[in-house]
Amino acid sequence: METRKVIIIGTGPAGLTAAIYAARADLKPLILEGHEPGGQLTLTTEVENFPGFEHGVMGPELMGTMKKQAARFGAEFLQVMCTDVDLSKRPFTVKTSTGQSYAADTVIVSTGASAKWLGLPNEKELTGRGVSTCATCDGFFYRDKVVHVVGGGDTAMEDATFITKFAKKVYVIHRKDSLRASKPMQERAFKNPKIEFLWDSVVTEIKSNDSGVCGIVVENLKTGAKENRDTDGLFYAIGHTPNTSFLKGQLHLDEHGFIRTHSGPETNVPGVFACGDVQDSYYRQAITAAGSGCQAAIKAERYLEGH
Ligand code: NDP
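Residues numbered from 1 in each chain as written. Predicted model: local features only at pLDDT ≥ 70, side-chain atom pairs only at ≥ 80, totals over all residues. Heavy atoms only, no water.

S.K.: Talk me through the site of the ligand; I want residue IDs and the actual numbers.
M.R.: In the neighbourhood of the ligand, 17 residues make up the surrounding shell, with D154, T155, R175, K176 and R180 lying closest. A distance of 3.3 Å separates an oxygen atom of the ligand from a polar backbone atom of G153. Here the ligand loses 77% of its free accessible area of 910 Å² to cover by the protein chains. Mapping the ligand onto the cavity grids shows that it belongs to the second largest pocket. It is helix α4 (residues 154-163) that provides the largest number of residues to the shell around the ligand, a total of 3 residues. Partitioned by chemical class, the residues of the shell around the ligand number 5 nonpolar, 7 polar and 5 charged. (Near = heavy atom within 4 Å. Polar contact = N/O pair within 3.5 Å; in protein donor to acceptor, adjacent residues only side chain to side chain. Areas by Shrake-Rupley, 256 points an atom, 1.4 Å probe, with all protein chains shown as cover. 1 Å grid on protein atoms, 1.4 Å probe; cavity = no way out; pocket = protein on both sides within 12 Å on 5 of 7 lines; lining within 4 Å. Sits in = over half its atoms within 2 Å of the grid points. Helix = DSSP H or I, 4+ residues; strand = E, 2+ residues; numbered from the N terminus. Nonpolar A, V, L, I, M, F, W, Y, C, P; charged D, E, K, R; others polar.)

S.K.: Residues and numbers for the sheet that holds strand β14 (residues 201-209), please.
M.R.: Strands in a sheet are paired, the pairing made by backbone hydrogen bonds, and the direction either parallel or antiparallel. Read from one edge to the other, the open sheet built from 3 strands follows the order β14-β15-β16, with strand pairing classed as antiparallel. Strands at the two margins of the open sheet, each flanked by one partner only, are β14 and β16 (226-230). Here the average twist between neighbouring strands, direction ignored, is 25 degrees. (Pairing = 2+ DSSP bridges. Axes fitted to C-alpha atoms, helices over the stretch in contact; angles between N-to-C directions.)

S.K.: Now, about unusual backbone geometry: what can you tell me, with residues and values included?
M.R.: In this structure, the amide linkage connecting R90 to the following residue, P91, adopts the cis form with an omega of -10 degrees. Locating P91 in the fold gives a position in the loop between β6 (82-86) and β7 (92-96). Within the chain, K248 stands out as a residue other than glycine whose phi angle is a positive 45 degrees. By the element assignment, K248 lies in the loop between β18 (240-242) and β19 (272-274).

So, to be careful, I would describe these as geometric facts and stop short of saying anything about function.
What follows is the structure in structure tokens.
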């Protein structure tokens, strides 16, 4: 089995940026694309906050261009999932969904985190047309509109507060009668006159017309009453699941399953680096993911030079 200098697992902005840097450093990286090549940006429409695009860029187009850029420098892509790794001995072993094994001197994990969804039948097809899992990305499109945000954690409070910069009214729908969010975040939301709370409530249906989401049905869990509500947008803020199950305990993870990193992208195993949302539950932006992908590739290059 040939030993690769670098294997990159995952192809969101973090993995693809790592691929560009590693390929330009002549490390001939092998990239395992995963089940959602391009990552979460391929689920969005227009990205307006990625620097360098004055008039915005479509998420899938941005990721497609990054991939071509990496390929131009010699990055090799495989359309497979990583199912297993052995990071306990060197070279490291990476196994794929097609049953093949690859050996590597360094591994960069950039498998991202997947937003949690409610599981309503039409939610995925309405993504980008009223349903969103990213307030920072999409809040701007709801100027003077009415928006509902689902969730009771810090993200829901932060998203609701952020969206009030644009929307005329934001309703937070939470399934309990008290929030999980930290006290300061709760208080900021309570004080905001544009935010109103719908307690003990869940969304049971999303209504749409030709231009996208136009309403939702909200059920009160205590009374069982169902209410039709008009809305222009429905934001999910019910948490993210980091894609780390394939690591099977081989890297240190935090209590939510995100990879613990230090000194930038370093993990507890020398030669294994992590970048992007798989190690970042705070910023979760394409540009921060890309930046950390660059760091991971540079650290991998220096590690290889030193060994
Ligand atoms: P959390 O897991 O903390 O909260 C998720 C929320 O969504 C909970 O209120 C939960 O309800 C609700 N929820 C989960 N699943 C469903 C469902 N199927 N239907 C309806 N509601 C649901 O996730 P966050 O993304 O809010 O936060 C993740 C981490 O990031 C936390 O540690 C948080 O502190 C941190 N963070 C910090 C920020 C900051 O400091 N500025 C900003 C954002 C996040 P329930 O309460 O009933 O379980």
